[in-house]
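Structural overview for review
Here is how the chains run, residue by residue.
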Amino acid sequence: MQDIIYSPDFVPMMVAIVLITTAAWIGTTWIKVKNGYPLTGSWGQSIYPKNNEETVERVKLISQENAQLRAELSSVKERLATVERIVTDGSNRLSDEIESLRGRAN
């Protein structure tokens, strides 16, 4: 067992494993911070964002944006319903007119 731990081939492999895991931890932490996810310490305490006021303000802004997007979506749905009604009514009316013209020709 002593020979495996101190063999020249084992040490570079252990160094590589430590470097890879450290780089992965740094990378995931950077991605969390970049995308606004809260960071917690090993005991569950909040590390980032530091103050709760920032979090509350961020939630307010997101809620306002959500309300605006919902209002815009409902407006778009109303417009789409109107367009569908126009398109549908127009084709039925056109076919009715064609049928009435055929009836007059006979």
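Residues numbered from 1 in each chain as written. Predicted model: local features only at pLDDT ≥ 70, side-chain atom pairs only at ≥ 80, totals over all residues. Heavy atoms only, no water.

A short note on the overall build of the protein chain
What counts, and what does not: By definition, any uninterrupted DSSP run of H or I lasting at least four residues is a helix, any uninterrupted run of E lasting at least two residues is a strand, and each is numbered from the N terminus. Shrake-Rupley sampling with a 1.4 Å probe provides the accessible areas, and residues are treated as covered by the protein chains on show and by no other component.
If you tally the helices and strands in the protein chain, you get three helices and two strands. Reading the helices (α) and strands (β) of the protein chain from amino to carboxyl end gives α-α-β-β-α. Accessible surface for the protein chain amounts to roughly 9,800 Å². Of this, 62% is attributable to carbon and sulfur atoms.

Regarding a nonpolar patch on the surface
Basically, it comes down to this: For patch detection, residues must exceed 30% relative accessible area and be free of salt bridges, and they are connected within 9 Å for like charges or within 5 Å for nonpolar side chains (Val, Leu, Ile, Met, Phe, Trp, Tyr). We count a salt bridge whenever a side-chain nitrogen from Lys or Arg sits within 4 Å of a carboxyl oxygen from Asp or Glu.
A surface patch of nonpolar side chains, about 260 Å² in accessible area, is lined by Val 11, Val 15 and Leu 19. Its location among the elements puts Leu 19 in helix H2 (residues 10-34).

A few points about the confidence of the model for the protein chain
For clarity, the cut-off: A residue's pLDDT is the predictor's confidence in that residue, given on a scale from 0 to 100.
Residues of the protein chain with pLDDT of at least 70 account for 86%, and the chain-wide mean is 81. Model confidence for the protein chain, summarised as mean pLDDT per element, is weakest for helix H1 (residues 2-5) at 56 and strongest for H2 at 90.

Considering the pattern of salt bridges
Let me state the cut-off plainly: Any residue under 20% of the maximum accessible area for its type is buried, any over 50% is exposed, and the rest in between are partly exposed; the area is computed with a 1.4 Å probe on protein chains only.
Applying the stated criterion to the full structure yields one salt bridge. For Glu 99, the salt bridge is made with Arg 102, and the minimal N-O distance between the two is 3.1 Å. Taken together, the residues Glu 99 and Arg 102, both in helix H3 (residues 52-105) and three residues apart, mark about one turn of the helix. According to the relative accessible area criterion, Glu 99 is partly exposed, its value standing at 46%.

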